[in-house]
Amino acid sequence: MLILGGTGDAVALAARTAAIPEIEVITSLAGRTRQPLVSSQNTRIGGFGGVAGLVEYLRDQQIDRVIDATHPFAAKISFNAAAAALEVGIPHLMVIRPAWQPIPGDRWIEVESNAAAATRLPNLAQRIFLTIGRQELSTFAYLRDLWFLMRMIDPPQPDVPVPPGKLLLERGPFSLDQERSLLHQYQIEAIVSKNSGGDATYAKIIAARELGLPVIMVQRPAMPPGEQVNTLEAALAWIEQIGS
Ligand SMILES: NC(=O)c1ccc[n+]([C@@H]2O[C@H](COP(=O)([O-])OP(=O)(O)OC[C@H]3O[C@@H](n4cnc5c(N)ncnc54)[C@H](OP(=O)(O)O)[C@@H]3O)[C@@H](O)[C@H]2O)c1
């Protein structure tokens, strides 16, 4: 079984699958973070080379099922995986954690992309907590009159333009106390976040609600059609059912 990873869910799923007899698991990572979290299972790192490369890999390794447990914003690999599994003719499942939903007290501005988020900022706030990771920092680099607190795991490449502000190199999960004190310490007036879902990075949304701060919430990209579940338990049930 191939688990496409890069998330805490994939690590947990690989660990839990290890307990199922007669299933051999390989977890695949893109190689974006320098010190990725891995489970004790076999891990391979790096792109496959598009759909064709993934098809070749699935055949070479005699993979007979694929679980896509990548991040909800990693759309390209999800489309590639769906296409490759179809071509090889093996079962394929997407594990997609539910998106966060606004509740009373939230001041969300929902936008379709980071580029759209950037256009909303100048009229909204001066000091912004930018929590979109490092891959799309350059989208905000033209906003030279604003100040950004930018949190990510690894620093951006030196040649990538970044907006003015401070880099904070940290890996979640983050507690509510941590997030509250960060917002106070840096006098943050607005947050930009992807709608990643899950608990690990939700505390900033609660902290923003408490302080009445606006959150520009970037909506998820479309995912390919196919079988989906949104919990690890449901994924494990699928694995057991397919295996029987
Ligand atoms: N995007 C986010 O916000 C985000 C946040 C947290 C974690 N992540 C994790 O970081 C990884 C990269 O995210 P992304 O948004 O750059 O993905 P992406 O745009 O969907 O994928 C870009 C390319 O990276 C390679 N790739 C992606 N995930 C891979 C995996 N698990 N194993 C092997 N190759 C992979 C593939 O290269 P080839 O075409 O050469 O096969 C893919 O075409 C994902 O695994 C994701 O789970 C992403």
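Predicted, not measured: the structure shown is a model, and the values here were computed from it. (Residues numbered from 1 in each chain as written. Predicted model: local features only at pLDDT ≥ 70, side-chain atom pairs only at ≥ 80, totals over all residues. Heavy atoms only, no water.)

Caption draft 1: Examining the environment of Val51 more closely. Within the secondary structure layout, Val51 lies in helix H2 (residues 50-60). Between the alpha carbons of Val51 and Val229 there is a distance of 23 Å; along the sequence they are 178 residues apart. If we ignore the near neighbours within four places in the chain, the residues touching Val51 are Asn80, Ala83, Ala84 and Glu87. (Helix = DSSP H or I, 4+ residues; strand = E, 2+ residues; numbered from the N terminus. Contact = heavy atoms within 4.5 Å.)

Caption draft 2: Fine view of the layout of surface pockets. Volume-wise, the second largest pocket comes out at about 160 Å³. Along the walls of the second largest pocket sit Met1, Glu22, Ile23, Glu24, Ile26, Gln61, Gln62, Ile63, Asp64 and Arg65, which together make up its complete lining. (1 Å grid on protein atoms, 1.4 Å probe; cavity = no way out; pocket = protein on both sides within 12 Å on 5 of 7 lines; lining within 4 Å. Points joined across faces, edges and corners; volume = space filled by probe spheres on them.)

Caption draft 3: Up close: the sheet that holds strand E1 (residues 2-4). Across the sheet, which stays open at both edges, the six strands sit in the order E3-E2-E1-E4-E5-E12 with parallel pairing between neighbours. Since the sheet does not close on itself, it has two edges, and those belong to strand E3 (42-45) and strand E12 (228-229), each with one partner. Two strands pair when backbone bridges link them, and strand E5 (residues 92-95) and E12 are joined in this way by two bridges, in the parallel orientation. Considered in E12, the bridge of Val95 is made with Val229. Sheet strands touched by helix H1 (residues 8-17): E1, strand E2 (26-29), strand E4 (66-68) and E5. Its angle to E1, the strand with the most contacts, is close to 160°. Where H2 meets the sheet, it contacts E1, E2, E3 and E4, and its direction lies at approximately 150° from that of E1. (Pairing = 2+ DSSP bridges. Axes fitted to C-alpha atoms, helices over the stretch in contact; angles between N-to-C directions.)

Caption draft 4: Here's a closer look at unusual backbone geometry. Cis geometry marks the peptide bond from Gly172 to Pro173, where omega comes out at 5°. Along the chain, Pro173 falls in the loop between strand E9 (165-169) and helix H5 (176-185). Of note in this structure, Gln62 is not a glycine but carries a positive phi near 50°. Residue position: Gln62 is located in the loop between H2 and E4.

Caption draft 5: Main features of the site of the ligand. Around the ligand, 22 residues are found, and the nearest of them are Gly5, Ser28, Phe48, Gly49 and Lys194. In this structure, Ala75 approaches the ligand through a main-chain N or O atom, which is 3.4 Å from an oxygen atom. Ile77 has a polar backbone atom sitting 2.9 Å from an oxygen atom of the ligand. Compared with its free state, where it exposes 790 Å², the ligand has 81% of that area covered by protein. (Near = heavy atom within 4 Å. Polar contact = N/O pair within 3.5 Å; in protein donor to acceptor, adjacent residues only side chain to side chain. Areas by Shrake-Rupley, 256 points an atom, 1.4 Å probe, with all protein chains shown as cover.)

Caption draft 6: Inspection of the pattern of salt bridges at higher detail. Applying the stated criterion to the full structure yields seven salt bridges. Residues Arg97 and Asp9 are paired through a salt bridge, measuring 3.4 Å at the closest nitrogen-oxygen approach. One end of the pair, Arg97, is in the loop between E5 and strand E6 (107-111); the other, Asp9, is in helix H1, with 88 residues separating them in the sequence. Residue classification places Arg97 among the buried positions, given a relative accessible area of 18%. A salt bridge links Arg180 to Glu210; its shortest N-O distance comes to 2.7 Å. (Salt bridge = Lys/Arg side-chain N within 4 Å of Asp/Glu carboxyl O. Buried < 20%, exposed > 50% of the residue type's maximum accessible area, 1.4 Å probe, protein only.)

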